[in-house]
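Results of the structural survey
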Amino acid sequence: MRLRLSEADAAFREEMRAFFTTQVPERIRSVVAERRELSKDDIVETQRILNAAGLAVPAWPAEWGGRGWTSLQKHIWHEEMQLANVPAPLAFNTSMVGPVIAAFGSQEQKERFLPATANIDIWWSQGFSEPDAGSDLASLRTAAVRDGDHYVVNGQKTWTTLGQYGDWIFTLVRTDPDAPKKQMGISFLLIDMTSPGLTVRPIKLIDGGQEVNEVFFEDVRVPVANLVGEENKGWTYAKFLLGNERVGVAPVGSTKSVLARAKQLAKDRLDDPFVAARFAELETELLALELTALRVVANSADGKPHPASSVLKLRGTQLQQAVTELLVDLAGPGGVASGADDTSAVPQWARVAAPRYLNYRKASIYGGSNEVQRQIIAGTILGL
Amino acid sequence: MDFELDDEQTALRDAVRRLLASTYASIDGRRAATAKAPGWDEGMWGRLAEMGVLGLPFTEEDGGMGAGPVEVALVAEQLGRVLAPEPFAEAVVLACGLVAAAGSAEQKEHLLPGVVDGTTVAAFAHFEPGAAAGTPPRSVTATQDGDGWLLDGVKEPVLHGAQAGVLVVSARVDAGGTDRTGLFVVATDAAGLDRVDYPTYDGIRAARVTFASTPAAPLGAAGADASDVLALVTAHAQVALCHEAVGAMATALDLTTEYLRTRKQFGVPLKTFQALTFRAADMYVSLELARSMALWATLVLADGDPDAAVVAATRAVVQTSAAGRHIGQEAIQLHGGIGMTAEYAVGHYTTRLTAIDQLLGGRTAHLKALADHVGEYDVVDPLAV
């Protein structure tokens, strides 16, 4: 057991820190630091800078841009990126569909999609959830019926985050409604979002933002060549994808960064022992989470996920939300001035505090709700 | 950053686990050991000494094993897992730790061998009636008397204070109008020393120790302020106790999940009820977070910076205290009435976790210590403390 990073890992950390704080424009990093909304261009510009430096898809297979890093190096990369307020590479591209295509796609699909996905020349959207298939994803009903060299897709997806920017959407569709188990009749299909019959409709959220969408499919014709892997094996690929999604799902670095900024903003209110105690408590809870993430990382070297990994999503989102609550409290009554423009006498951070708090109620719902995480802990770890 | 044990550490952990299982496989072992003097199993204490466990934290020069905080943590967790009543953290890490850290070469040579070989047990008399956690000694005073020193006042509770053969005592020393903290060694047959023994609610022994012009020898250089060494050794003992708590929490959770699997109500096992299994899942979360923090604090101790060690121990206490309360309370609640009984094991775990929490000083005091300095840095970096 050893506290310090090895010399090589410490040097790696410095290298990452230097890159993220000098090579990604301050203009973009300040958007993250100030918790304003990133534009599509901000996200694309950042990912291209990272991709050019080999830092967009380090976990992919080497042949497609992966770096062969250790789990600890990947963790350091992710943490330093968040601490430097660098927008992370688009998860739909780099953590979700990319690894699935790399693992299960045809050579032709790999060549066609992977470089464009890494460089965000294609912006991917996720088409998993449906109005009647949330936590119970396998009851999805969007159907794909084979018609010659095409599938004809009908149905509806929902909660499609940033679907308004999407060029392509990776979907789970039902290809065998008669399969003996509902998990067995599902396929993983890539769909061009400019296809006739595909419509994207925004869902307005309680924070006033429009970050999620509904996607409707009406007789959308999708070439069979866009099927990933085998027909009716889509559930296997989805599980692989969700497993990747949970890695790095504890937003430690970004929560630390927001908490540090909150501390700067709090200024002399830190003299209030109650306020100071809240910071001390959150910092300690966050440290325990970060250390648990490090334990998971250190023990994942043999490819087997550490049992404690299920803690990360659950606790990570709780703390992420707790920090947004702290900012709401620090903002006080001024925080309701959310609609004021930059001429407002209320500082920008206070104006966004409540919308961000409301927005982050999503964190304990997406990616397997926290109740699903408890189910996993109780079932697979505790044997209940 | 590495949380893996090396082969020797794994062997030590396994050997201690096997040894403890010989006596404490069930709660009856603890019941039997705590029912008679001295409040732990003397045979077990002797075997721990033979294994070198009682000398783990001390240098080979001092007659110890030259091991470090990691080895101490492994042992403490194993003791906690079976609720072994042997006073490892209190006697070895804390009381003897003070002798090793502050004592003169002569004192170490005189006091440590008997402790390491298990023939003598040391106690640290520090808590004072009515004093808040973490405060320096006030009511017990040390005054110079010619070449020697005299102690006056009351220490209570002193864990296994009546059973100890070596008493280390903290005292207020008046140094020309300002108070210093002094550490002293008192012989158990010293004049004016009175020890009243009683049991604690978690089944171990404690004492009220009264000093009335009791002769005492300063630990190390006479008159030196011992605040820093006291803070550092206390940090080591706190982290050891955190590991003992982690061990106890792990078993409390094991007992609880086993109960949920086997106990039937309404014709079905309790684990059928999600209202119960979700609470067990939250107990697991608390346990793993506390374990991570205790492990990290151990690594910070091993890294050697004394200021960082004190802060890390404080963070570990904050986490352990919350987790111990949570897991202890839920372990009883999920068992129902049986968890309240002295007959059944799980309540003893809650009892011991409560005692550890009190001995650690509790969450509020430690949180305050952190809150007082929260404006002095941006972020907590676990790798650069």
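Here the structure is a predicted model, which is why all the values come from computation and not from measurement.

Let's shift gears to the side chain of Lys108 of chain B. Residue and element names in this part refer to chain B. Note on placement: Lys108 falls in helix α6 (residues 105–116). Overall, Lys108 belongs to the buried group, its relative accessible area being 18%. Residues contacting Lys108, with those up to four places away along its chain left out, are Asp62, Val99, Ala100, Gly103 and Pro113.

All right, on to the pattern of salt bridges then. When their charged atoms lie close together, side chains carrying opposite charge are able to pair. For the structure shown, the criterion picks out 42 salt bridges over all chains. Across the salt bridge formed by Glu281 of chain A and Arg363 of chain B, the nearest N and O atoms sit 2.4 Å from each other. With Glu281 of chain A in helix α9 (residues 273–299) and Arg363 of chain B in helix α11 (residues 363–371), this residue pair bridges two chains. Classification of Glu281 of chain A by relative accessible area gives partly exposed; the value is 30%. Of the charged contacts, one joins Asp179 of chain B and Arg138 of chain B as a salt bridge, the two residues approaching to 3.6 Å between their closest N and O atoms. On the criterion of sequence distance, the pair formed by Asp179 of chain B in strand β5 (residues 178–187) and Arg138 of chain B in the loop between β1 (122–125) and β2 (141–145) is long-range, its members being 41 residues apart.

On to the domain arrangement of chain A. Here the domain parsing of chain A yields domain 1 (7–89), domain 2 (124–232) and domain 3 (248–381). Between the C-alpha centres of domain 1 of chain A and domain 2 of chain A there is a distance of 30 Å.

Let's shift gears to the interface of chain B and chain A. Contacts between the two partners involve 48 residues from chain B, matched on the other side by 45 residues from chain A. Of the roughly 4,400 Å² buried between chain B and chain A on both sides combined, carbon and sulfur atoms contribute 66%. On the chain B side of the contact with chain A, Met1, Tyr284 and Leu383 of chain B bury the most area, a combined 16% of that side's loss. Here chain B is connected to chain A by 6 salt bridges. Across the pair Asp381 of chain B and Arg13 of chain A runs a salt bridge, and its minimum N-O distance is 3.0 Å. Taken together, the connections running from chain B to chain A amount to 19 residue pairs in polar contact (both at pLDDT 80 or more). Those elements that place two or more of their residues in the side of chain B that touches chain A are α7 (227–262), α8 (274–303), α9 (306–335) and α11 of chain B.

Residue and element names in this part refer to chain B. Here the domain parsing of chain B yields domain 1 (7–120), domain 2 (123–218) and domain 3 (227–376). Placing a centre on the C-alpha atoms of domain 2 and another on those of domain 3 gives a separation of 29 Å. Contact with domain 2, which involves 10 residues of that partner, is made by 11 residues of domain 3. For the pairing of domain 2 and domain 3, the buried interface totals around 840 Å² over both sides, and the portion due to carbon and sulfur atoms is 71%. Linking domain 2 with domain 3 are 1 salt bridge, by the criterion used here. A salt bridge links Arg352 to Asp202; its shortest N-O distance comes to 2.9 Å.

Basis of the calculations
- Residues numbered from 1 in each chain as written.
- Chains lettered and ligands numbered in written order.
- Predicted model: local features only at pLDDT ≥ 70, side-chain atom pairs only at ≥ 80, totals over all residues.
- Heavy atoms only, no water.
- Helix = DSSP H or I, 4+ residues; strand = E, 2+ residues; numbered from the N terminus.
- Buried < 20%, exposed > 50% of the residue type's maximum accessible area, 1.4 Å probe, protein only.
- Contact = heavy atoms within 4.5 Å.
- Salt bridge = Lys/Arg side-chain N within 4 Å of Asp/Glu carboxyl O.
- Domains from an automatic or database assignment.
- Buried area = accessible area lost by both parts, 1.4 Å probe.
- Polar contact = N/O pair within 3.5 Å; in protein donor to acceptor, adjacent residues only side chain to side chain.

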